[in-house]
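# Remarks on the overall topology
Here are the chains, one letter per residue:
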Amino acid sequence: NGGPHKKHPGVTNLKTLQLPEELQKGALMLIHAQVNSLADRARRLSNLLWSRKRKVEDAQLRARAKTLEKSLLEAEKNEDESQLEARIRKKVFYELRRTTYHWSPLRYDEELGVVYMASRLAGGYAAVKRALYEIKKRDPAFSPHSLLDFGSGLGTAVWASHSLWPDSLKEMVCVDSSGAMNSLSDQLLRGGSEKNNPLIKEVYFRQFLPVSPKAQSDLVVAAFTLSELGSCEEREEATLTLWRKTSSYLVLVEHGTLEGYQILMEARESLLKNQDKVVVDKRKPSVFAPCPHELPCPLHQVSVPCNFIQSYCPLPLPGSPERLQEKFSYLIMARTKIVGDIGSEGLAWARLTAPVLRKPRHVHCQLCCSSGELRHVRTVSSCYAMIATLVLQ
């Protein structure tokens, strides 16, 4: 309708995000008090988390071993057979050890938790808030009363959700298997000191999920958590369990790598199959964001990650730049399908899946459409479109 493009109702990007002042003060107080060689350790931890891959499944290992064995037998079929089997077995084990990613779980004690705080607090907060903001914008009537944060870490989901729904949230449960991380999260809520009163009320910490399958929360978040589970079976079980505990929205966030994106696609497929044996809520899941459809992801078929970028201000530590960008992937599943929630007349809008490429007289857009197709569209710039219209008239 002639309005500026930055105010288009489909825009869900946020300006450069900064940590809440109280959270930043508390984090700096905890960081300056404890860890030596912090900058180097934070950088190495950040690189480790970004490059982290899923644990190779046993079935995959066996299949690779059989393939290697077959190729080695073909190469050495004319050799002496007296020790052939032992020699091939040794070569197979050597190749598997050399080429297989060695996954191991991360154990967070208090010191590593502080390193994680310096490395990931601001970036994690930016990714989670950007994902939650899409719910806030597209479903303005949604006012969550309860939050469940699985793999809560430093409590970024609590701070992000409280910044968007400060009046409606009455109960927030943080679940993390690390007691040290729960302790650090609690101290951050108290401004860096255990003696202070919590800045956000009604936040409870647990090391395990609530047992009762009937206990649901309006908003359930798992940020950078599924990638820390050791097998596909564990991730699927965790996803289904979290969905059972979801009353309105389930929000999953991972690093914007191919691994993080594929983990989210696993979760999406598990939920859309809807084969959970324990049915607590009969309302079926629907994809709220980022996909404009529930068909197979076209990017997944070509092994290209669907990711997004949110700029943020990191903690003001020595050597830190003023701004950074967080690249992340996310998935939001809803209990009820929101029809025509943005735009007008229930239009099924496409999703931009890459930065718009600007040329002098036109722009290139890569779109994921409601038909499940990936399309490349070249659009004439508005000023040239106006000239063309006048010429045609």
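Residues numbered from 1 in each chain as written. Predicted model: local features only at pLDDT ≥ 70, side-chain atom pairs only at ≥ 80, totals over all residues. Heavy atoms only, no water.

## Considering the layout of surface pockets
Counted as a void, the second largest pocket has a volume near 960 Å³. Surrounding the second largest pocket, 45 residues form its lining, Gly-151, Asp-176, Ser-177, Thr-225 and Glu-228 being those nearest its centre. Of all the secondary structure elements, the ones that give two or more residues to the lining of the second largest pocket are helix H5 (110-138), strand E1 (146-150), helix H6 (156-164), strand E4 (217-223), strand E5 (246-255) and helix H9 (258-273). Ranked by residues supplied to the lining of the second largest pocket, first place goes to H5 with five residues. Of the residues that constitute the lining of the second largest pocket, the class distribution is 20 nonpolar, 14 polar and eleven charged. (1 Å grid on protein atoms, 1.4 Å probe; cavity = no way out; pocket = protein on both sides within 12 Å on 5 of 7 lines; lining within 4 Å. Points joined across faces, edges and corners; volume = space filled by probe spheres on them. Helix = DSSP H or I, 4+ residues; strand = E, 2+ residues; numbered from the N terminus. Nonpolar A, V, L, I, M, F, W, Y, C, P; charged D, E, K, R; others polar.)

## Digging into the side chain of Thr-239
Along the chain, Thr-239 falls in helix H8 (residues 232-244). Owing to a relative accessible area of 2%, Thr-239 belongs among the buried residues under this scheme. (Buried < 20%, exposed > 50% of the residue type's maximum accessible area, 1.4 Å probe, protein only.)

## Things to note about the packing of aromatic side chains
The relative placement of two aromatic rings is captured by the distance of their centres and the angle of their planes. Throughout the structure, instances matching the rule amount to seven aromatic pairs. Between Phe-142 and Trp-165, the ring centres sit 5.8 Å apart and the planes meet at 85 degrees, which makes this aromatic pair edge-to-face. Taken together, the positions of Phe-142 in the loop between H5 and E1 and Trp-165 in the loop between H6 and strand E2 (171-175) put the pair 23 residues apart, joining distant regions of the chain. Classification of Trp-165 by relative accessible area gives buried; the value is 4%. Both rings, one in Tyr-249 and one in Phe-288, keep their centres 5.1 Å apart while their planes meet at 70 degrees; by these two values the pair is edge-to-face. Residue Tyr-249 is found in strand E5, and its partner Phe-288 is found in strand E6 (residues 286-289); the two are separated by 39 residues along the sequence. A residue is classified by how much of its surface remains accessible, and Phe-288, at 4% relative accessible area, is buried. Through a chain of ring-to-ring contacts, three or more aromatic side chains come together here, namely Phe-142, Trp-165, Tyr-249 and Phe-288. (Phe/Tyr/Trp six-rings, centres within 6.5 Å; stacked < 30°, edge-to-face > 60°.)

## Notes on the pattern of salt bridges
Summed over the entire model, instances satisfying the criterion amount to 18 salt bridges. Residues Glu-259 and Arg-54 are paired through a salt bridge, measuring 2.8 Å at the closest nitrogen-oxygen approach. With Glu-259 in helix H9 and Arg-54 in the loop between helix H2 (38-51) and helix H3 (58-75), the pair connects residues that are 205 residues apart, well separated along the chain. Note that Arg-190 and Asp-186 form a salt bridge whose closest N and O atoms lie 3.2 Å from each other. For Asp-186, a relative accessible area of 23% puts it in the partly exposed group. Here the salt bridges do not stand alone but share partners, grouping Arg-54, Arg-235, Glu-259 and Glu-266 into one network. (Salt bridge = Lys/Arg side-chain N within 4 Å of Asp/Glu carboxyl O.)

## What to know about the nonpolar core
Among the nonpolar cores identified, the biggest contains 67 residues, and Met-117, Leu-132, Ile-135, Leu-219, Val-251 and Val-253 are the most heavily contacted of them. If one sorts the elements of this core by residue count, H5 sits on top with 15 residues. Contacts of Val-251, omitting those with residues within four sequence positions, involve Ala-131, Leu-132, Ile-135, Leu-219, Val-220, Val-221, Ala-222, Leu-331 and Ile-332. Membership of the second largest hydrophobic core comes to 22 residues, among which are Leu-226, Leu-250, Ile-263 and Ala-267. (Core = buried A, V, L, I, M, F, W, Y, C linked by side-chain atoms within 4.5 Å. Contact = heavy atoms within 4.5 Å.)

## Digging into the pairing of E5
Counting buried residues in E5 gives nine out of ten residues, a clear majority hidden from the surface. In the sheet, E4 pairs with E5 via six bridges, with the strands oriented parallel. Bridge pairing in E5 places Ala-223 opposite Val-253. With H8 bridging E4 and its parallel neighbour E5, the resulting β-α-β unit is right-handed. Strand direction decides the pairing type here: E5 and strand E8 (residues 324-334), joined by seven bridges, are antiparallel. From the neighbouring strand, Val-253 faces E8, where its bridge partner is Tyr-330. (Pairing = 2+ DSSP bridges. Right-handed = clockwise from strand over helix to strand, strands pointing away.)

## Comments concerning empty space enclosed by the protein
Applying the stated criterion across every chain yields a total of one cavity of 30 Å³ or more. In this structure, the largest cavity occupies an estimated 140 Å³ of space. Taken together, 18 residues make up the lining of the largest cavity; nearest its centre are Met-265, Pro-290, Cys-291, Cys-297 and Cys-306. Of the residues belonging to the lining of the largest cavity, the class tally is 14 nonpolar, three polar and one charged.

## Some words on H8
Between its terminal C-alpha atoms H8 stretches 18 Å, which fits the 18 Å expected from 13 residues at 1.5 Å a residue. Buried residues of H8: Arg-235, Ala-238, Thr-239, Leu-240, Thr-241, Leu-242, Trp-243 and Arg-244, and no others. Buried residues in H8 make contact with E1, E4, E5, H9 and E8. (Expected span 1.5 Å × (residues − 1).)

## Comments concerning the confidence of the model for the protein chain
Residues with a pLDDT of 70 or more make up 91% of the protein chain, whose mean pLDDT is 87. Overall, residues 384-393 carries pLDDT values under 50, and its contacts beyond four positions in sequence, including any with other chains, amount to three contacts. (pLDDT = per-residue confidence, 0-100.)

## Brief notes about the environment of Leu-271
Among the secondary structure elements, Leu-271 is positioned in helix H9. Distance from Leu-271 to Gln-24, taken between C-alpha atoms, is 36 Å for residues 247 residues apart in sequence. When sequence neighbours within four positions are dropped, the list of residues in contact with Leu-271 reads Thr-239, Leu-240, Trp-243, Leu-250, Pro-285 and Met-333.

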